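# Residue-level structural notes
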Amino acid sequence: MLLGLLTAIAASVCYGTGSVLQAVGSRKSARRDAAAGDRTQHGGPSLSSTAKAAMTWEFIVGTVLDFVGFALGALAARLLPLFLSQTVISANLVITAVLSVKLLGIRLSRAEWTSIGVVCSALVLLASAAGHEGSGHTELSTHWWLLAIALLLMAGGTVVVRLLGSRAAILAGLLSGLGFGALGVGVRVLNGVDPFDAGALLTDPALYAILVAGIGGMYLHTVALQIGSVNGATAALVVGETVLPGAIGVLWLGDASRAGLAWMAVLGFVLAVGGAVAVAWFGTPDTPAPAPAPAKEPARVG
């Protein structure tokens, strides 16, 4: 349990730091492209502008951190119940919010800081109440269903987000979160890992669901960072990657809380998700604090 928690916390730090660095690169690229008129007819970023954002050094470093976070998160998903591992990893919202103050010049309101405190307290409740993780053994047909759902979410979401353009920031964040949630479920049920069997691994549809959900989720998250609030998009991502995977872990994969502490696990889960939503609800626009106005020169006499 301790190793799993430390792994999930490390993944959260990597994801949170990576999100802010990606936002810095995306915003830098988006400003240049907006000046050049490189937008779709609906006001959203074009594929070329998204590709340019991915070539900034900040975005590249953030992406490297995402890959490290993915590896750590995959390990955590196999060591902890999904409702705990996904929620701890999703606490990267706290890292994102705090770093955005420094790197993006965003000012957080008292309500946002309070919401962040609620998320942190909820994680303590969850960690205290979490019990054993389920086995993850499922029928192969469910792996095919997971792949189909991942394809539908990522392909359909990409089309819808491009049609909605600049209005789709929260939706893009939510869809990316659902993609990362599907990734977490795929990691748990993946065959050929323990014991290692290359044949079983490569023929498991869950492996390709992981790839589709991971790549699609990263693309949609990039779009969300380009067109909307980094904290709001990340909060929507938190909801997507915690609620459904957590429920699947309990109802389908056998995850459980400690005896007599189910109420604490439920309370912690609800508070964690509610706190993340509150950050989005109370989120301030991602604009730097205005520079002080220059002092007026005294009027000259004569």
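Analysis parameters
- Residues numbered from 1 in each chain as written.
- Predicted model: local features only at pLDDT ≥ 70, side-chain atom pairs only at ≥ 80, totals over all residues.
- Heavy atoms only, no water.
- Helix = DSSP H or I, 4+ residues; strand = E, 2+ residues; numbered from the N terminus.
- Contact = heavy atoms within 4.5 Å.
- Salt bridge = Lys/Arg side-chain N within 4 Å of Asp/Glu carboxyl O.
- Buried < 20%, exposed > 50% of the residue type's maximum accessible area, 1.4 Å probe, protein only.
- Patch = residues over 30% accessible without salt bridge, like charges linked within 9 Å, V, L, I, M, F, W, Y side chains within 5 Å.
- Areas by Shrake-Rupley, 256 points an atom, 1.4 Å probe, with all protein chains shown as cover.
- Core = buried A, V, L, I, M, F, W, Y, C linked by side-chain atoms within 4.5 Å.
- Axes fitted to C-alpha atoms, helices over the stretch in contact; angles between N-to-C directions.
- Parallel < 35°, antiparallel > 145°, perpendicular 65-115°, else oblique.
- Left-handed = near helix turned anticlockwise from the far one by under 90°.

Our focus in this paragraph is the side chain of Ser85. Note that Ser85 resides in helix α4 (residues 82-90). Here Ser85 is in contact with Ala8, Ala76, Ala77 and Leu80, once residues within four sequence places are set aside.

On to the pattern of salt bridges, then. Evaluation of the coordinates by the stated rule reveals one salt bridge. In this structure, Asp255 engages Arg188 in a salt bridge whose closest nitrogen and oxygen atoms are separated by 2.9 Å. Within this pair, whereas Asp255 is found in the loop between α11 (230-251) and α12 (262-282), its partner Arg188 is found in helix α8 (residues 169-189), the two being separated by 67 residues in sequence. Residues Asp255 and Arg188 agree in their burial class; the two are buried.

What follows concerns a nonpolar patch on the surface. A contiguous nonpolar surface patch, about 380 Å² in accessible area, is contributed by Leu2, Leu6, Ile9 and Val13. Topologically, Val13 is positioned in helix α1 (residues 2-36).

The biggest cluster of nonpolar side chains holds 33 residues, and the ones touching the most others in it are Phe83 and Leu84. The residues contacting Leu84, other than those within four sequence positions of it, are Met1, Leu5, Leu126, Ala127 and Ala130. In this structure, Leu147, Leu183, Val187 and Leu190 belong to the second largest nonpolar core, which totals 21 residues.

Take α4 next. Within α4, nine of the nine residues are buried, which leaves it mostly tucked inside the rest of the structure. Looking at α4, one finds that the buried residues are Leu82, Phe83, Leu84, Ser85, Gln86, Thr87, Val88, Ile89 and Ser90.

Moving on: the packing of helix α5 (residues 92-103) against helix α6 (residues 110-129). Between α5 and α6, whose axes approach to 10 Å, the crossing angle comes to 150°. On the basis of the axis angle, α5 is roughly antiparallel to α6. α6 is crossed by α5, and the crossing has left-handed handedness. Counted together, Val94, Ala97 and Val98 of α5 and Trp113, Ile116, Val119 and Cys120 of α6 form the full contact between these two elements.

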